[in-house]
Amino acid sequence: MSSHSPLIYHHTNTIRFIHPPNFLPGKTIETVSMATLSNATNIFWQDCQLGKPERQKLLNQKGCVVWITGLSGSGKSTLACSLSSELHSRGKLSYILDGDNLRHGLNKDLGFKAEDRTENIRRTGEVAKLFADAGLICVASLISPYRRDRDTCRAMLPDSNFIEVYMNMPLSLCEARDPKGLYKLARAGKIKGFTGIDDPYEPPLNCEIEIKEDSGVCPTPYVMAGKVVSYLEEKGYLEC
Ligand SMILES: Nc1ncnc2c1ncn2[C@@H]1O[C@H](COP(=O)(O)OS(=O)(=O)O)[C@@H](OP(=O)(O)O)[C@H]1O
Ligand SMILES: Nc1ncnc2c1ncn2[C@@H]1O[C@H](COP(=O)(O)OP(=O)(O)O)[C@@H](O)[C@H]1O
């Protein structure tokens with residue numbers, strides 16, 4: 001077997017595999033449940049000489065994923081747009097994966113029950129990983145309520161290229177904003193399983209960035225974006 005072939009074999013209820021692009025000789029990764037197993041056999045990783053380093057050099061930035069999580073109405077999309085604009089003005093290429101928008105296409109077959117949300121996050125994580133591999137700063141903005149699902153996405157990325165941003169806004173603020181009227185419907189029992197009302201949200205335990213109110217005041221979109229940009233700058237993502 002060549003060093004570029006994925007080595008996949010079953011091991012009780014988990015698989016072990018050696019798989020590019022994080023490939024290191026002898027590196028073995030334990031993965032999660034059977035649900036993540038591929039149904040396809042006889043598949044091989046196809047490599048190309050032109051890789052992420054060359055694309056990053058071209059763009060003078062480092063590909064990564066900025067993953068924004070929080071309740072509906074917490075300001076995820078607002079931050080994503082503001083961040084993307086700020087990066088654009090600095091000549092940095094980003095792309096937003098917004099939960100609401102993805103549910104109009106790629107994830108249109110998914111609802112809001114737990115396994116659908118998990119699949120929604122898994123697919124988005126895979127797409128985000130591709131964008132990061134393309135050299136872009138991928139901004140994913142989804143409620144992503146379950147810690148384990150977010151951690152699974154983090155584990156998909158090499159090094160520490162997953163930057164988790166927690167929109168730590170009180171439910172009362174999100175509910176008062178209610179731009180789509182969904183909290184009102186959820187309180188009236190017209191939407192079942194609404195995050196924060198009758199469906200859980202698990203806050204991150206170790207996120208890279210937390211956005212929260214300061215003395216009861218929410219930072220402006222510009223300030224929120226500035227916090228993320230400063231982080232990216234400090235960690236060297238905005239140069240190559
Ligand atoms: N039951 C329920 N719970 C939460 N949210 C709901 C629900 N039904 C519809 N919506 C709308 O869907 C948007 C969230 O989609 P996501 O893909 O980000 O959700 S998740 O990550 O899979 O939990 C969310 O958008 P945001 O308000 O931007 O978060 C809502 O507009
Ligand atoms: N920093 C902020 N300051 C004031 N209003 C905000 C801020 N962030 C978001 N909003 C407002 O709150 C509402 C919800 O924001 P949105 O970005 O759509 O949240 P989410 O994507 O998490 O559902 C919108 O009406 C938006 O204009």
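Since the model is a prediction, treat every value here as computed from it, not as a measurement. (Residues numbered from 1 in each chain as written. Chains lettered and ligands numbered in written order. Predicted model: local features only at pLDDT ≥ 70, side-chain atom pairs only at ≥ 80, totals over all residues. Heavy atoms only, no water.)

1. What to know about the site of ligand 1
Around ligand 1 there are 19 residues in total, and Ser-72, Arg-103, Arg-117, Asn-120 and Ser-144 lie nearest to it. Ser-144 is positioned such that a nitrogen or oxygen atom in its backbone is 2.8 Å from an oxygen atom of ligand 1. Between ligand 1 and Gly-193, the relevant distance is 2.9 Å, taken from a nitrogen atom to a main-chain nitrogen or oxygen of the residue. Summarising the interface, the protein chains cover 92% of the accessible area of ligand 1, which totals 630 Å² for the free molecule. With respect to the detected pockets, ligand 1 is housed in the second largest pocket. Elements that contribute at least two residues to the shell around ligand 1 include exactly helix H3 (99-102) and helix H4 (114-133). Here the shell around ligand 1 gets three residues from one element, more than from any other, and that element is H4. (Near = heavy atom within 4 Å. Polar contact = N/O pair within 3.5 Å; in protein donor to acceptor, adjacent residues only side chain to side chain. Areas by Shrake-Rupley, 256 points an atom, 1.4 Å probe, with all protein chains shown as cover. 1 Å grid on protein atoms, 1.4 Å probe; cavity = no way out; pocket = protein on both sides within 12 Å on 5 of 7 lines; lining within 4 Å. Sits in = over half its atoms within 2 Å of the grid points. Helix = DSSP H or I, 4+ residues; strand = E, 2+ residues; numbered from the N terminus.)

2. Section: the confidence of the model for the protein chain
Keep in mind that low pLDDT regions are not for reading the predicted coordinates in detail. Overall, the predicted model of the protein chain reaches an average pLDDT of 88, with 85% of residues at or above 70. Across residues 1-34, confidence stays below pLDDT 50; counting only partners more than four residues off in sequence or on other chains, it has 50 contacts. Here the complex is predicted with pTM 0.89, and the ipTM for its interfaces comes to 0.99. (pLDDT = per-residue confidence, 0-100. Contact = heavy atoms within 4.5 Å.)

3. Side note on the state of the cysteines
Evaluated as defined, the whole model comprises zero disulfides. Summary of cysteine pairing: Cys-240 is not part of a disulfide, and the nearest cysteine sulfur, belonging to Cys-64, is at 12 Å. (Disulfide = S-S within 2.5 Å.)

4. Focus on the packing of helix H2 (residues 76-89) against helix H8 (residues 221-234)
For the pair H2 and H8, interaxial distance at closest approach is 8 Å and the crossing angle is 60 degrees. Overall, the two elements H2 and H8 adopt an arrangement that is oblique. Here H2 and H8 pass one another in a crossing that is right-handed. Of H8, the residues touching H2 (which contributes Thr-78, Leu-79, Ser-82, Leu-83, Glu-86 and Leu-87) are Pro-221, Tyr-222, Met-224, Ala-225, Val-228, Val-229 and Leu-232. (Axes fitted to C-alpha atoms, helices over the stretch in contact; angles between N-to-C directions. Parallel < 35°, antiparallel > 145°, perpendicular 65-115°, else oblique. Left-handed = near helix turned anticlockwise from the far one by under 90°.)

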